[in-house]
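Below are the chains, spelled out letter by letter.
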Amino acid sequence: VSDHPEMRESSPSRSSGEILSMPRSLASFNHLPELVDALEPVLASSAEHSLEDLVGAMNRIRRLAKRGTDAALYHRQAVLMKKLSGLVLQRMDRIPGKLLSLAVNAVAEMRGNERWMEAAASRAKKVLQEGNGGLDMQAVAVILNGFARAGIRDEVLFGELAAEACRLAEEQPE
């Protein structure tokens, strides 16, 4: 049994088909095994999760996975990332700019991410075209950084993001 408070609060015996919710505070997980243990049954349930929760889970896994893992845990977290990123991909057409930047950051170094990153590039271009302030300077930088880390050089997207960064810089009060 885990020492993590959110794990202790949940019932140890879960019936199959039970709808489970995402842990309330993903940031409170400091160890990848506990986070993976908490997320696996949640994602196996038929619950619908918010884009914020899905992207938050992807980013928390990414942060904790940097600390190193054994082969079995690496496989479990890779399966979770594939599931989470797939759920985000299904709703890519609705993801707002700031959340898109966080998702790109989480998926950038994931194996087999080409289709996902292509969809993210398309969505980023759409967010820029909509021009409703969906991206701030930080989100622009995070998207650019994510694509660079993924080794994807989309010159059209990079040009559009650079133009947006210049536009945002001009709006900054001096």
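Read on for an overview of the structure. If you're wondering where the values come from, they're calculated on a predicted model, not measured in any experiment.

**A closer look at the overall build of the chain**
Here is step 1 of the chain: Counting secondary structure elements, the chain contains eight helices and zero strands.
Here is step 2 of the chain: When its helices and strands are written in sequence order, the chain yields α-α-α-α-α-α-α-α.
Here is step 3 of the chain: Relative to its 174 residues, the chain shows a buried fraction of 43%.
Here is step 4 of the chain: In the chain, of all internal contacts separated by at least 6 residues, the share reaching a separation of at least 24 is 72%.
Here is step 5 of the chain: In the form shown here, the chain has an accessible surface area of approximately 9800 Å², with 51% of it arising from carbon and sulfur atoms.

**With respect to the pattern of salt bridges**
Here is step 1 of the chain: One pass over the structure, following the stated rule, counts 10 salt bridges.
Here is step 2 of the chain: Between Arg167 and Glu164 there is a salt bridge; the shortest N-O distance is 2.6 Å. Of the two residues, Arg167 and Glu164 are both situated in helix H8 (residues 155-171); the distance of three residues between them amounts to about one turn of the helix.
Here is step 3 of the chain: With a relative accessible area of 33%, Arg167 lands in the partly exposed category.
Here is step 4 of the chain: By relative accessible area, which is 12% here, Glu164 ends up buried.

**Digging into the side chain of Asn59**
Here is step 1 of the chain: Structurally, the position occupied by Asn59 is in helix H3 (residues 51-65).
Here is step 2 of the chain: Note on Asn59: relative accessible area 6%, which makes it buried.

**Quick word on the packing of helix H2 (residues 32-44) against H3**
Here is step 1 of the chain: With their axes 10 Å apart at the nearest point, H2 and H3 run at an angle of 150° to one another. Judged by the angle between their axes, H2 and H3 are roughly antiparallel. Seen along the crossing, H2 lies across H3 with a hand that is left-handed. Counted together, Leu32, Leu35, Leu39 and Leu43 of H2 and Leu54, Ala57, Arg60, Ile61, Leu64 and Ala65 of H3 form the full contact between these two elements.

**Let's talk about the packing of H3 against helix H4 (residues 71-90)**
When two helices pack together, their arrangement is given by the angle between the helix axes and the distance between those axes.
Here is step 1 of the chain: Two elements in contact, H3 and H4, have axes separated by 10 Å at closest approach and are oriented at 150°. Considering their axes alone, H3 and H4 lie roughly antiparallel with respect to each other. For the crossing formed where H3 meets H4, the hand is left-handed. Across the interface between the two elements, Leu51, Leu54, Val55, Ala57, Met58, Ile61 and Ala65 from H3 touch Gln77, Leu80, Met81, Leu84, Ser85, Leu87 and Val88 from H4.
Here is step 2 of the chain: Taken together, the residues of the contact of H3 with H4 sort by class into 12 nonpolar, two polar and no charged.

**Details of H2**
Here is step 1 of the chain: Compared with the 18 Å implied by 1.5 Å per residue over 13 residues, the 18 Å span of H2 between its first and last C-alpha is a close match.
Here is step 2 of the chain: Those residues of H2 lying buried are Leu32, Glu34, Leu35, Val36, Ala38, Leu39, Pro41, Val42 and Leu43.

**Let's talk about the nonpolar core**
Here is step 1 of the chain: Residues Met58, Ile95 and Trp116 are the most contacted members of the largest nonpolar core, which totals 50 residues.
Here is step 2 of the chain: If you list the elements that add at least two residues to this core, you get H2, H3, H4, helix H5 (97-107), helix H6 (114-130), helix H7 (137-150) and H8.
Here is step 3 of the chain: The contact partners of Ile95, leaving out residues within four places of it in the chain, are Leu51, Val55, Val88, Leu100, Ala103, Arg123 and Val127.

**Observations regarding the environment of Gly86**
Here is step 1 of the chain: Within the secondary structure layout, Gly86 lies in helix H4.
Here is step 2 of the chain: Each C-alpha atom of the pair Gly86 and Trp116 lies 8.1 Å from the other, and the pair is 30 residues apart in sequence.

**Describing H4**
Working note: α-helix, 3.6 residues per turn, so residues spaced by three or four point in the same direction.
Here is step 1 of the chain: For H4, with 20 residues, the first-to-last C-alpha span of 29 Å sits near the 28 Å given by 1.5 Å per residue.
Here is step 2 of the chain: Those residues of H4 that sit buried are Leu73, Gln77, Leu80, Met81, Leu84, Ser85, Leu87, Val88 and Leu89.
Here is step 3 of the chain: Among the structural elements, H2, H3, H5 and H6 are those in contact with the buried residues of H4.
Here is step 4 of the chain: One side-chain oxygen of the residue at the start of H4 lies 3.2 Å from the amide nitrogen of Ala72, identifying that residue as Asp70.

Definitions and limits used
- Residues numbered from 1 in each chain as written.
- Predicted model: local features only at pLDDT ≥ 70, side-chain atom pairs only at ≥ 80, totals over all residues.
- Heavy atoms only, no water.
- Helix = DSSP H or I, 4+ residues; strand = E, 2+ residues; numbered from the N terminus.
- Buried < 20%, exposed > 50% of the residue type's maximum accessible area, 1.4 Å probe, protein only.
- Contact = heavy atoms within 4.5 Å.
- Areas by Shrake-Rupley, 256 points an atom, 1.4 Å probe, with all protein chains shown as cover.
- Salt bridge = Lys/Arg side-chain N within 4 Å of Asp/Glu carboxyl O.
- Axes fitted to C-alpha atoms, helices over the stretch in contact; angles between N-to-C directions.
- Parallel < 35°, antiparallel > 145°, perpendicular 65-115°, else oblique.
- Left-handed = near helix turned anticlockwise from the far one by under 90°.
- Nonpolar A, V, L, I, M, F, W, Y, C, P; charged D, E, K, R; others polar.
- Expected span 1.5 Å × (residues − 1).
- Core = buried A, V, L, I, M, F, W, Y, C linked by side-chain atoms within 4.5 Å.
- Polar contact = N/O pair within 3.5 Å; in protein donor to acceptor, adjacent residues only side chain to side chain.

In short, geometric facts, not functional conclusions.
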